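Here's the letter readout for the chains.
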Amino acid sequence: MIDVIGKRKIFLGVSGLLVSASLILILVFGFRQGIDLVGGTEWRLRFFEKVDENSLNQVLKDIAGAANFSVLINNEEFVVRLHPLNEEEHQRYRLHLEEKFGQFEELSFSAIGPTIGRELRQRAVWAIILVLAGISLYIIFAFRKASREIKSWKYGLITMATLFHDVAIPAGLIVLLGVWKGVQIDTNFIVALLVVMGFSVHDTIVVFDRIREKLMINRNQKAVLADLINQSVNETLARSINTSLTLILVLAVMVFIGPPSLFYFVLTILVGTIVGTYSSIFVASPLLYLWRPKDLPK
Amino acid sequence: MKRNILILTAVVFLSVSAGIFAFEPLWQKISDFRPWRLGLDLSGGTYLVYQIDLSKVEIRDRESAVNGIRDVIERRVNLFGVSEPRVYTETVGGESRLVVELAGIKDVNEAIRMIGETPFLDFREVVEIKDSEKATSTLGFASAGLDGRYLKTARIGFDNITRRPAVLLEFNNQGAEFFSQLTERNIGKPLAIFLDNELISSPVVNEKIAGGQAQITGLNLEEAKLLVQRFNAGALPAPISLINQQTVSAGLGSDSLQKAVWAGVTGTLAIILFMLLYYRIFGIFSALALLMYVALTLAIFKILPITMTLAGIAGFILSIGMAVDANILVFERTKEELKKGLLKAAAIEEGFRRAWSSIRDSNIATLITSFILYYFTSSFVKGFALTLFIGVLISMFSAITITRTLLRTFIKND
């Protein structure tokens with residue numbers, strides 16, 4: 001039997017620490033934005049002959065100017081990132097690279113102007129706000145027949161806090177990966193965050209449902225709130241873990257053998273889901289307890 | 001009774017498999033009736049977005065201009081011999097865009113080069129080119145210096161006398177001046193009208209036209225309408241500029257597809273294994289329901305049809321991970337009810353009843369998320385939102401009806 005309420009300081013403390021750390025990372029280092037958010041060119045090449053990274057960098061510097069380029073290696077592929085190229089420049093650079101390094105296979109080429117990027121950034125922010133608000137409002141509505149001890153809007157607001165917690169931590173992780181490995185965020189990242197929100201609320205709902213049910217049943221008795229919440233959490237433990245586990249299984253498979261272009265996308269959702277499960281069990285309920293009406297017996 | 005049903009199921013399964021195996025052409029025909037539509041990131045191809053600059057176009061002519069541009073570009077695109085090119089317009093935040101999707105094109109930059117030109121309309125005179133050496137002369141076209149810039153509008157009209165359809169052109173002042181001189185010079189001779197360097201019409205000039213208004217006759221209604229659209233596309237110059245280009249090679253596309261499918265299959269098997277290990281008998285039912293869910297959902301994707309992109313497949317795989325959640329909630333609740341002493345059949349009913357509110361609320365949260373995702377993102381990611389949305393809806397249906405029916409059929413109070 002896990003004493004979620006009794007040990008709440010520990011659980012909330014750990015969460016608080018992780019969220020603060022993530023927020024600090026985000027503020028200090030910021031996100032490295034992909035080309036679909038700021039515009040630019042992303043070019044994936046696979047050369048037929050061995051090419052040294054430094055010489056490629058040098059050649060690119062010569063033809064494209066020193067500013068705004070980066071070359072990452074991903075197995076035998078080079079991912080070149082430049083300022084937005086028009087088609088004429090694209091072909092010119094292609095010929096130049098062919099001259100210097102021999103034939104190569106162009107796996108993909110994306111040139112996105114800054115206008116689209118601006119649009120996507122705006123939409124992304126709106127989408128996050130709307131999903132956060134939408135889900136919380138729906139919870140308030142779904143839990144409208146709640147008892148006096150915990151009013152429906154409390155369920156909603158705690159949900160919002162939990163969801164925020166669940167996306168802040170993966171975001172912090174991505175910033176860390178950005179600093180360490182040059183990982184960029186793009187629209188897929190935003191989608192991943194939204195998906196985490198949409199999924200992690202599932203087990204929160206399961207626990208809240210049980211708490212609500214118990215409160216209804218124990219309406220006329222002198223039940224101790226802390227005990228009720230603890231029982232609810234423990235009774236729904238198997239449920240929370242298993243429903244998340246099925247998703248985590250699928251995500252883990254995709255991370256290991258799925259298409260590489262989706263790697264960070266799936267990773268973000270995976271981390272978010274694990275954090276989300278933790279938060280439903282160890283964070284949401286203590287928060288509910290902290291926010292109880294003052295006149296209740298402890 | 002149970003044994004009989006099990007035997008029956010096995011027999012049916014065997015027969016169907018045998019049938020598919022034996023009548024392969026039939027299976028192929030059924031499958032090809034509605035082939036899979038793959039997005040560019042899976043089939044390989046190019047995705048181009050052009051911004052249409054309508055700043056110099058009057059509001060009432062805008063729709064016509066945009067459609068005209070769309071038609072001209074589609075014509076150009078069709079010349080590449082790409083199978084099923086798609087050219088369509090989009091309106092984003094008040095601005096008009098043209099999107100061109102070319103699957104499996106070989107020479108992308110040639111395509112871009114040809115598309116990139118604003119439809120160009122110009123008038124040319126028929127002249128004699130004298131070859132002094134050979135002392136012959138041939139007919140050629142010389143640019144008359146009058147082009148789309150000077151055309152104010154083009155409209156459909158009907159000839160006063162003959163009631164036949166005609167294209168009515170109206171030039172601006174400068175254009176009228178040019179046109180007047182042009183017609184004066186060429187009375188009795190044809191005046192050639194070129195769109196994108198292609199001759200589309202060469203009416204004979206009957207008289208000098210000073211009013212800046214001209215009429216092209218001799219066309220049927222369809223041709224006249226087409227000409228008007230093209231004139232307006234060329235006449236109201238709306239330059240287009242490339243703002244987004246994405247190319248994926250066919251190799252990368254098929255590699256991604258393969259990996260995604262394998263991940264999906266492996267993931268599904270992993271889930272089934274887990275359910276069997278943890279829930280045993282109940283696990284078998286949820287495994288069956290899951291397989292049916294996968295088949296049903298894929299069929300719906302294929303029939304609608306939904307263009308499957310990589311993101312779309314990811315969305316579907318995620319929905320598989322979630323589809324089994326409803327079963328888990330029901331099973332856990334049923335276990336609780338059994339502990340309380342209810343009989344098997346009653347426990348199952350109670351399990352479904354009590355778990356329903358959690359299932360419904362969780363899935364609605366996901367539906368809200370996919371709904372917002374659909375409207376706030378573009379193209380490739382839309383596919384993800386769509387497959388997730390449809391997947392969740394069908395999984396709700398499958399969990400409640402399929403699993404419940406299976407359980408009701410096979411579990412008796414014992």
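Residues numbered from 1 in each chain as written. Chains lettered and ligands numbered in written order. Predicted model: local features only at pLDDT ≥ 70, side-chain atom pairs only at ≥ 80, totals over all residues. Heavy atoms only, no water.

Engineer: Pulling in residues and values, what's your account of the pairing of strand E4 (residues 104-112) of chain A?
Structural biologist: Most of E4(A) sits inside the fold, with seven of its nine residues counted as buried. Bridging between strand E1 (residues 40-47) of chain A and E4(A) involves eight bridges; their strand directions are antiparallel. Bridge assignment links Trp43(A) to a residue of E4(A), and that residue is Phe109(A). Relative to strand E12 (residues 240-248) of chain B, E4(A) runs antiparallel, the two sharing five bridges. Its bridge partner being in E12(B), Ser110(A) is matched across the sheet by Gln246(B). (Buried < 20%, exposed > 50% of the residue type's maximum accessible area, 1.4 Å probe, protein only. Helix = DSSP H or I, 4+ residues; strand = E, 2+ residues; numbered from the N terminus. Pairing = 2+ DSSP bridges.)

Engineer: Before we move on, can you summarise the sheet that holds strand E7 (residues 151-158) of chain B with the specific residues and values?
Structural biologist: Pairing between sheet strands relies on hydrogen bonds along the backbone, with the strands arranged either parallel or antiparallel. Residues and elements named next belong to chain B. As summarised here, the arrangement of the three strands in space is E7-E8-E11, forming an open sheet in which the pairing is antiparallel. With one partner strand each, in any of the chains shown, E7 and strand E11 (213-216) form the two edges of the open sheet. Shown here is a sheet whose adjacent strand axes are inclined to one another by a mean of 25°, direction ignored. Sheet topology note: the E7/strand E8 (residues 165-171) ladder contains seven bridges and is antiparallel. (Axes fitted to C-alpha atoms, helices over the stretch in contact; angles between N-to-C directions.)

Engineer: Lay out the packing of aromatic side chains in plain terms, naming residues and giving numbers.
Structural biologist: The full count for this structure, using the stated rule, is 23 aromatic pairs over all chains. Their ring planes at 50° and their centres at 5.8 Å tell us that Phe31(A) and Phe189(A) sit as a pair that is tilted. Pair noted here: Phe31(A) is in the loop between helix H1 (8-29) and helix H2 (35-38) and Phe189(A) is in helix H7 (residues 187-217), with a separation of 158 residues, a long-range link. Here the aromatic rings of Phe265(A) and Phe384(B) are separated by 5.7 Å at their centres, their planes lie at 85°, and the arrangement is edge-to-face. Pair noted here: Phe265(A) is in helix H10 (residues 263-290) and Phe384(B) is in helix H12 (residues 379-410), and the two residues belong to different chains. In this structure an aromatic cluster arises from ring pairing among Trp43(A), Phe47(A), Phe101(A), Phe104(A) and Phe109(A). Here the guanidinium or amino end of Arg212(A) rests over the ring plane of Phe143(A), the centre of that ring lying 4.3 Å away. Sitting over the face of the ring of Tyr374(B), Lys382(B) holds its NZ or CZ atom 5.0 Å from the ring centroid. (Phe/Tyr/Trp six-rings, centres within 6.5 Å; stacked < 30°, edge-to-face > 60°. Lys NZ or Arg CZ within 6 Å of the ring centre and 35° of its normal.)

Engineer: If you had to explain the environment of Ala161(A) to someone new, which residues and values would you point to?
Structural biologist: All names here are of chain A. For Ala-161, the location among the structural elements is in helix H6 (residues 152-181). On the accessibility criterion, Ala-161 (37% relative accessible area) is partly exposed. When the C-alpha atoms of Ala-161 and Leu-287 are compared, they prove to be 9.1 Å apart, with 126 residues separating the residues in sequence.

Engineer: Tell me what's going on with the packing of H7(A) against helix H11 (residues 344-376) of chain B, and back it up with residues and numbers.
Structural biologist: At their nearest, the axes of H7(A) and H11(B) sit 9 Å apart, and the two run at 160° to each other. Compared by their axis directions, H7(A) and H11(B) come out roughly antiparallel. In this structure, the crossing between H7(A) and H11(B) has a hand that is right-handed. Together, Val191(A), Leu194(A), Val195(A), Gly198(A), Phe199(A), Val201(A), His202(A), Ile205(A), Val206(A), Asp209(A) and Glu213(A) of H7(A) and Arg354(B), Ser357(B), Ser358(B), Asp361(B), Ser362(B), Asn363(B), Ala365(B), Thr366(B), Thr369(B) and Leu373(B) of H11(B) make up the contact between the two elements. (Parallel < 35°, antiparallel > 145°, perpendicular 65-115°, else oblique. Left-handed = near helix turned anticlockwise from the far one by under 90°. Contact = heavy atoms within 4.5 Å.)

Engineer: Run through the pattern of salt bridges, naming residues and quoting values.
Structural biologist: One pass over the full model with this rule turns up 19 salt bridges over all chains. Across the salt bridge formed by Glu336(B) and Arg210(A), the nearest N and O atoms sit 2.9 Å from each other. One end of the pair, Glu336(B), is in helix H10 (residues 325-339); the other, Arg210(A), is in helix H7, on a second chain. Classification of Arg210(A) by relative accessible area gives buried; the value is 7%. (Salt bridge = Lys/Arg side-chain N within 4 Å of Asp/Glu carboxyl O.)

Engineer: Could you give an account of the interface of chain B and chain A, with specific residues and numbers?
Structural biologist: The partner chain A presents 60 residues to the 57 residues of chain B that form the contact. Buried surface at the junction of chain B and chain A, summed over both partners, amounts to about 5100 Å²; 67% is from carbon and sulfur atoms. Counting the surface chain B buries against chain A, the share from its top three residues, Gln245(B), Leu318(B) and Phe376(B), is 12%. Counting across the chain B and chain A interface gives four salt bridges. The closest approach of N and O atoms between Glu213(A) and Arg333(B), which form a salt bridge, is 3.3 Å. Only helix H5 (108-115), E12, helix H8 (250-303), helix H9 (310-323), H10, H11 and H12 of chain B provide two or more residues apiece to the side of chain B that touches chain A. Sorting elements by how many residues they give to the side of chain B that touches chain A places H11(B) first, with 15 residues. (Buried area = accessible area lost by both parts, 1.4 Å probe.)

Engineer: Mind laying out the packing of helix H9 (residues 237-257) of chain A against H10(A), listing which residues take part and the relevant values?
Structural biologist: All names here are of chain A. Interaxial distance between H9 and H10 falls to 9 Å at its minimum, and their mutual angle equals 170°. On the basis of their axis angle, the class for H9 and H10 is roughly antiparallel. For the pair formed by H9 and H10, the contact residues are Leu-237, Ser-240, Ile-241, Ser-244, Leu-247, Ile-248, Leu-251, Ala-252, Met-254 and Val-255 on the first element and Phe-263, Val-266, Leu-267, Ile-269, Leu-270, Thr-273, Ile-274, Thr-277 and Ile-281 on the second. Of the residues belonging to the contact of H9 with H10, the class tally is 15 nonpolar, four polar and no charged. (Nonpolar A, V, L, I, M, F, W, Y, C, P; charged D, E, K, R; others polar.)

Engineer: A description of the nonpolar core should follow, citing residues and the corresponding values.
Structural biologist: Counting 126 residues, the largest nonpolar core has Tyr155(A), Ile211(A), Phe265(A), Leu318(B) and Phe384(B) as the members making the most contacts within it. It is H7(A) that provides the largest number of residues to this core, a total of 17 residues. With 20 residues, the next largest nonpolar core counts Phe123(B), Phe179(B), Ala214(B) and Ala224(B) among its residues. (Core = buried A, V, L, I, M, F, W, Y, C linked by side-chain atoms within 4.5 Å.)

Engineer: Summarise the confidence of the model for chain B; cite the residues concerned and give the values.
Structural biologist: For any part of a model where pLDDT is low, the fine detail of the predicted coordinates should not be relied upon. When pLDDT is averaged across chain B, the result is 79; 83% of the residues are at 70 or more. Here the prediction assigns the complex a pTM of 0.76, and the interface score ipTM is 0.84. (pLDDT = per-residue confidence, 0-100.)

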